[in-house]
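Given next are the chains, with one letter for each unit.
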Amino acid sequence: MSLQEKLEALKVATVEKIKAAEDLQLLNQIRVETLGKKGPITEVLRGMKDLSAEERPKIGSFANEIRDALTAEIEEKKAALEVAAMNKALAEESIDVTLPGKKMAQGTRHVLTQIMEEIEDIFIGMGYQVVEGYEVEQDHYNFERMNLPKDHPARDMQDTFYISDEILIRTHTSPVQARTMEKHDFTKGPLRMISPGKVFRRDTDDATHSHQFHQIEGLVIDEHITMGDLKGTLEALMQRMFGADREIRLRPSYFPFTEPSVEVDVSCFKCGGAGCNVCKHTGWIEILGAGMVHPNVLEMSGIDSEKYSGFAFGLGPDRIAMLRYGVNDIRNFYQNDVRFIRQFKGE
Ligand SMILES: [Zn+2]
């Protein structure tokens with residue numbers, strides 16, 4: 001095989017290899033092997049000194065021709081591979097803006113928060129202020145100012161957790177009332193307030209009792225406030241919460257801080273009074289306690305009980321939520337089980 005034929009065969013074989021090369025690394029390898037200092041073309045050019053003067057230019061220019069042709073072939077393939085690599089990267093990194101996005105999990109307000117806000121809205125609409133207070137309280141505000149001196153037997157109904165002899169966690173939101181009463185300036189108008197919040201008692205937890213629960217207590221003090229005002233207010237509240245047809249009835253009861261005191265029942269919102277499971281077949285549901293503020297409570301807050309009178313009531317958002325949604329265990333509200341909580345998405 002003549003030198004010329006060898007070069008021609010080398011060219012054909014190399015062009016095949018270049019065409020088949022699938023990446024830049026392989027292509028570079030072909031370039032080094034064929035055109036590099038130790039490659040066959042360089043070798044031919046190096047061996048030119050042994051050729052005759054006649055052959056030398058012919059082979060020399062042929063070898064250069066082939067080197068140029070292969071260089072051009074490699075450059076062309078290199079450009080093609082670079083474009084392909086770029087297109088591949090672009091395709092992999094592209095964002096399809098038409099794909100549906102991932103939905104963020106959205107929380108919901110706790111069912112008790114929803115009930116409390118609903119009740120707050122009703123009272124704000126009637127001109128009440130919403131006052132929050134301390135969960136850790138003084139015995140003085142929690143008991144004594146509520147007409148429950150240290151040795152009073154009714155304290156047993158509200159046993160709690162003591163931090164010291166004088167400091168405890170509140171058993172009702174009444175201390176907020178005591179603190180508000182002593183500051184209220186009656187020359188600027190009547191006192192109308194509700195106090196929502198957590199309260200604590202040393203109850204054994206069962207389906208209807210929890211050591212922690214919620215209260216919303218209300219208080220109105222002005223001149224000439226009567227039991228009629230209390231009944232009208234509570235009737236309006238129950239009708240807003242359980243339907244316009246609701247009626248209420250008052251039964252005599254006892255609380256140390258009100259006199260007279262009443263238990264308030266609402267006509268059953270489920271059966272309308274005919275009798276069902278919710279109302280235990282009586283047609284009535286026990287819903288809250290209330291009464292006229294005891295003169296002692298007014299006097300202890302520096303309010304003249306001859307001039308002023310008032311009513312107070314306390315209701316349990318937990319109980320209202322249980323009745324309305326048919327929840328049979330109060331502990332569900334405090335266990336943070338999302339399968340339970342998720343059911344009350346609200347509006
Ligand atoms: Zn009923």
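Residues numbered from 1 in each chain as written. Predicted model: local features only at pLDDT ≥ 70, side-chain atom pairs only at ≥ 80, totals over all residues. Heavy atoms only, no water.

Engineer: What exactly am I supposed to notice about the domain arrangement of the chain here?
Structural biologist: By a frequent convention, interface size equals the accessible area lost on bringing the separate parts together. Once the domains are mapped, the chain shows domain 1 (3–92) and domain 2 (111–341). Each of domain 1 and domain 2 was reduced to a C-alpha centroid, and the two centroids are 95 Å apart. (Domains from an automatic or database assignment.)

Engineer: For this particular structure, what's the right way to read helix α10 (residues 317–325)?
Structural biologist: At 3.6 residues per turn, the α-helix brings residues three or four places apart onto the same side. Regarding α10, the residues found buried are Pro317, Asp318, Ile320, Ala321, Met322 and Leu323. Against the buried residues of α10 lie α5 (111–125), β5 (212–222), α8 (227–242), β8 (284–293) and β9 (309–315). A positive backbone phi angle near 65° is found at glycine 326, which sits one or two residues after α10. (Buried < 20%, exposed > 50% of the residue type's maximum accessible area, 1.4 Å probe, protein only. Helix = DSSP H or I, 4+ residues; strand = E, 2+ residues; numbered from the N terminus. Contact = heavy atoms within 4.5 Å.)

Engineer: Looking at this structure, I do not really get the packing of α5 against α10. What am I missing?
Structural biologist: Any two packed helices are characterised by how steeply their axes cross, that is the angle between the axes, and by the distance between the axes. Across the interface, α5 lies against α10 with an axial gap of 9 Å and an inter-helix angle of 105°. Judged by the angle between their axes, α5 and α10 are roughly perpendicular. Listed contacts from α10 to Val111, Leu112, Ile115, Met116, Glu118 and Ile119 of α5 are Pro317, Asp318, Ile320, Ala321, Arg324 and Tyr325. The residue makeup of the contact of α5 with α10, split by class, is nine nonpolar, no polar and three charged. (Axes fitted to C-alpha atoms, helices over the stretch in contact; angles between N-to-C directions. Parallel < 35°, antiparallel > 145°, perpendicular 65-115°, else oblique. Nonpolar A, V, L, I, M, F, W, Y, C, P; charged D, E, K, R; others polar.)

Engineer: Would you explain helix α1 (residues 3–20) in this entry?
Structural biologist: The end-to-end C-alpha distance of α1, which contains 18 residues, comes to 26 Å, matching closely the 26 Å that a straight helix rising 1.5 Å per residue would cover. Restricting attention to buried positions, one finds in α1 the residues Leu7, Thr14, Val15 and Ile18. Looking straight down α1, one finds that the buried residues subtend no more than 105° of arc, so they occupy a single side. For α1, the exposed residues lying more than 90 degrees away from the buried face are Lys6, Glu16, Lys19 and Ala20. Residues of α1 that are buried in the fold lie against α2 (24–35), α3 (40–46) and α4 (55–93). (Expected span 1.5 Å × (residues − 1). Arc of directions from axis to C-beta.)

Engineer: Honestly, the environment of lysine 19 in this entry has me stumped. Any pointers?
Structural biologist: Mapped onto the elements, lysine 19 comes out in helix α1. A residue is classified by how much of its surface remains accessible, and lysine 19, at 54% relative accessible area, is exposed. Note: C-alpha distance between lysine 19 and tryptophan 284 (265 residues apart in sequence) is 92 Å. Not counting the four nearest positions on each side in its chain, lysine 19 is found in contact with Glu73 and Lys77.

Engineer: For this particular structure, what's the right way to read the sheet that holds strand β6 (residues 248–255)?
Structural biologist: Pairing between sheet strands relies on hydrogen bonds along the backbone, with the strands arranged either parallel or antiparallel. With mixed pairing, the seven strands of this open sheet are ordered in space as β1-β4-β5-β9-β8-β7-β6. The sheet terminates laterally at β1 (129–130) and β6, the two strands that pair on one side only. Judged from the five bridges that link them, β8 and β9 form a sheet pairing that is antiparallel. Residue pairing in the sheet places alanine 290 in a bridge with phenylalanine 313 of β9. Its contacts with the sheet put helix α7 (residues 174–183) on β1, β4 (191–200) and β5, and the angle it makes with β4 is roughly 145°. (Pairing = 2+ DSSP bridges.)

Engineer: Please clarify how the UniProt feature "domain: Aminoacyl-transfer RNA synthetases class-II family profile" (unreviewed entry) in the chain should be interpreted in this entry.
Structural biologist: Feature annotation in UniProt assigns "domain: Aminoacyl-transfer RNA synthetases class-II family profile" (unreviewed entry) to the following positions: residues 111–343. Summarising residues 111–343: 27% helix, 27% strand, and an end-to-end C-alpha distance of 9 Å. (UniProt positions renumbered as here; feature names shortened; annotations may be inferred.)

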